[in-house]
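One letter stands for each residue in the lines below.
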Amino acid sequence: MRPVDKSSQDVESQWTGVSPSSPLLPKSQQPQHSPVLNSTPLSWIKGIPFLIWQFTENDFPTFILPNSAFGIFGALAGPRLFSDETGPTVSEVLWRVPIVVIYNWYMTFIFDLANQRGADSVEEDRINKPWRPIPSGYATMEHARLLLLSSIPLAMAMNWYLGVFSEGMWILVLVWMYNDLRGGDHMLRDPLIAAGSLGFNGGSLRLAGGVGRTVNDEGHLWTVMIAAVILTTGYIQDLKDQVGDRLRERKSVPILIGDGLCRAVIGAFILSWSFACAYFWRLKLWAFVVPVLLGAGIGMNGLLRRNREADYATWRTWCFWLIVLFMLPTLSRF
């Protein structure tokens, strides 16, 4: 890793509130309900639900819910995405909402464990996300490793039972490539994330529609189209993490092509996809308004407001924009 001069460390400390050279939180400052501080195995096991939430909390509104929304709104589109003439009823889809969310949650949990347990990841999180369980002292890298070892076979069994085993295996392979093979530190980062969306969104659609139903060609094409949307705009999440990415020498798009150009490219792609997705479903002109205006707002906000707080807000708005796109096939049905 390249040396970082003291002046840049001072700037990063002022910006993030965490010094890159500071150790993890000392025991006296760690939360007393942390499973790490409980000596008995039973106490630590009781703390696992809290740990699961801590590992995935940041991804719940920005990853788990949008992926779930893809399947739910896709199932509500009925014959637009499924081969049978009627598709699932509204009550059938609503009944399956919890399992769709749970599927995305436990598969995201596996990704987060693999992603956050490495020494480099902990060092990066001390700058970008110091509230995460390991840098904040709630858990250790060994705890994360043990949880990962036990979670993978449980997830595989659950996916087999639910009928989404192939989608789950696809995600596990990509998790291995992204984290253990360090694909997430190179140009493969965004293609791997986009490819992962095929497993999350495809699994969500099958679960929400009912495993006995077959997704039609238009449904498969829509799933791939959304993966392309994520590939070309998903690096909006990297805008807020540039300091930690530079310390880790991660080749994210904002670092490779420059912050200003990256923001302009993201804005152009978001606006283009807003038109393209609405046109794909042959919607009325009024249905173009919300995704296009929202997309234009995201692009302008990214260009005009360039600080970490604003980048977080822009990223979360992008996640909401995705959900708006996911509603389009439902609109096309009704």
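The structure presented is a predicted model; accordingly, all values stated were derived computationally and were not measured. (Residues numbered from 1 in each chain as written. Predicted model: local features only at pLDDT ≥ 70, side-chain atom pairs only at ≥ 80, totals over all residues. Heavy atoms only, no water.)

A. Inspection of the UniProt feature "transmembrane region" (unreviewed entry) in the protein chain at higher detail. When the UniProt feature table is mapped onto this chain numbering, "transmembrane region" (unreviewed entry) sits at residues 160-178, 221-239, 260-281, 287-304 and 313-331. Measuring from the first to the last C-alpha atom of residues 313-331 gives 27 Å, for a span that is 95% helix and 0% strand. (UniProt positions renumbered as here; feature names shortened; annotations may be inferred. Helix = DSSP H or I, 4+ residues; strand = E, 2+ residues; numbered from the N terminus.)

B. Broad picture of the side chain of Ser252. Along the chain, Ser252 falls in the loop between α12 (242-248) and α13 (253-257). Those residues in contact with Ser252, other than ones at most four positions away along the chain, are Asp238 and Asp245. (Contact = heavy atoms within 4.5 Å.)

C. Inspection of the packing of helix α14 (residues 259-280) against helix α16 (residues 308-326) at higher detail. At a minimum axis separation of 11 Å, α14 and α16 run at an interaxial angle of 15°. With respect to α16, the element α14 is oriented roughly parallel. As α14 runs across α16, the sense of the crossing is left-handed. Here Arg263, Ile270, Trp273, Ser274 and Cys277 of α14 come into contact with α16, specifically with Asp311, Trp318, Trp321 and Leu325. Within the contact of α14 with α16, the residues separate by chemical class into 6 nonpolar, 1 polar and 2 charged. (Axes fitted to C-alpha atoms, helices over the stretch in contact; angles between N-to-C directions. Parallel < 35°, antiparallel > 145°, perpendicular 65-115°, else oblique. Left-handed = near helix turned anticlockwise from the far one by under 90°. Nonpolar A, V, L, I, M, F, W, Y, C, P; charged D, E, K, R; others polar.)

D. Seen up close, helix α11 (residues 217-233). Taking 1.5 Å of rise per residue, the 17 residues of α11 would be expected to cover 24 Å, and the 24 Å separating its terminal C-alpha atoms lies within 8% of that figure. Regarding α11, the residues found buried are Gly219, Trp222, Thr223, Met225, Ile226, Ala227, Val229, Ile230, Thr232 and Thr233. Where α11 is buried, its residues touch α4 (60-76), α10 (189-209), α14, α16 and α17 (328-333). Its side-chain oxygen 3.2 Å from the backbone nitrogen of Glu218, Asn216 forms the N-cap of α11. (Expected span 1.5 Å × (residues − 1). Buried < 20%, exposed > 50% of the residue type's maximum accessible area, 1.4 Å probe, protein only. Polar contact = N/O pair within 3.5 Å; in protein donor to acceptor, adjacent residues only side chain to side chain.)

E. Representation of the pattern of salt bridges in the model. Summed over the entire model, instances satisfying the criterion amount to 16 salt bridges. Measuring nitrogen to oxygen at the nearest pair gives 3.1 Å for the salt bridge that ties Arg213 to Asp84. Of the two residues, Arg213 sits in the loop between α10 and α11 while Asp84 sits in the loop between α4 and α5 (90-116), which places them 129 residues apart along the sequence. Residue Arg213 is classed as partly exposed on the basis of its relative accessible area, which comes to 22%. When the shortest N-O distance is used, the salt bridge between Asp185 and Arg182 registers 2.9 Å. Accessibility expressed as a relative area gives 6% for Asp185, which makes it buried. When salt bridges with common partners are traced through the structure, they connect Asp259, Arg263, Arg306 and Asp311 into a single cluster. (Salt bridge = Lys/Arg side-chain N within 4 Å of Asp/Glu carboxyl O.)

F. Quick peek at the environment of Arg182. Structurally, Arg182 is set in the loop between α9 (165-180) and α10. For the pair Arg182 and Arg250, spaced 68 residues apart in sequence, the C-alpha separation works out to 9.8 Å. There is a polar contact of 3.0 Å between the side chain of Arg182 and the side chain of Asp120.

G. Structural view of a nonpolar patch on the surface. A surface patch of nonpolar side chains, about 510 Å² in accessible area, is lined by Met158, Trp160, Tyr161 and Phe165. Among the elements that line the nonpolar patch, the one with the most residues is helix α8 (residues 141-162), at 3 residues. Assignment of secondary structure puts Tyr161 in helix α8. (Patch = residues over 30% accessible without salt bridge, like charges linked within 9 Å, V, L, I, M, F, W, Y side chains within 5 Å. Areas by Shrake-Rupley, 256 points an atom, 1.4 Å probe, with all protein chains shown as cover.)

H. Local environment of the nonpolar core. Ranked by size, the top nonpolar core spans 73 residues in total, and within it Phe55, Trp222, Trp318 and Trp321 carry the most contacts. For this core, the leading source of residues is α16, giving 10 residues. With residues near it in sequence (within four places) discarded, Trp222 still touches Phe70, Leu81, Cys277, Phe280, Trp281, Leu325, Phe326 and Pro329. (Core = buried A, V, L, I, M, F, W, Y, C linked by side-chain atoms within 4.5 Å.)

I. Summary view of the packing of aromatic side chains. In the structure shown here, the tally under the stated rule is 14 aromatic pairs. A centroid spacing of 4.9 Å and a plane angle of 70° characterise the contact between Phe60 and Trp105, whose relative ring orientation is edge-to-face. Note that Phe60 is positioned in helix α4 and Trp105 in helix α5, a separation of 45 residues in sequence. Residue classification places Phe60 among the buried residues on the basis of a relative accessible area of 16%. Classification of Trp105 as partly exposed rests on a relative accessible area of 27%. Taken together, the ring pairs connect Trp53, Phe60 and Trp105 into an aromatic cluster. One cation-aromatic arrangement involves Lys240 over Trp315; the distance from NZ or CZ to the ring centre is 4.2 Å. Directly above the ring of Tyr279 sits Arg282, whose terminal nitrogen or CZ lies 4.7 Å from the centroid. (Phe/Tyr/Trp six-rings, centres within 6.5 Å; stacked < 30°, edge-to-face > 60°. Lys NZ or Arg CZ within 6 Å of the ring centre and 35° of its normal.)

J. Looking closely at the packing of helix α3 (residues 48-56) against α5. It is at 9 Å that the axes of α3 and α5 come closest, and there the two elements cross at 75°. By the angle between their directions, the pair α3 and α5 is classed as roughly perpendicular. Contacts between α3 and α5 involve Ile52, Trp53, Phe55 and Thr56 from the first element and Trp105, Thr108, Phe109, Asp112, Leu113 and Gln116 from the second.

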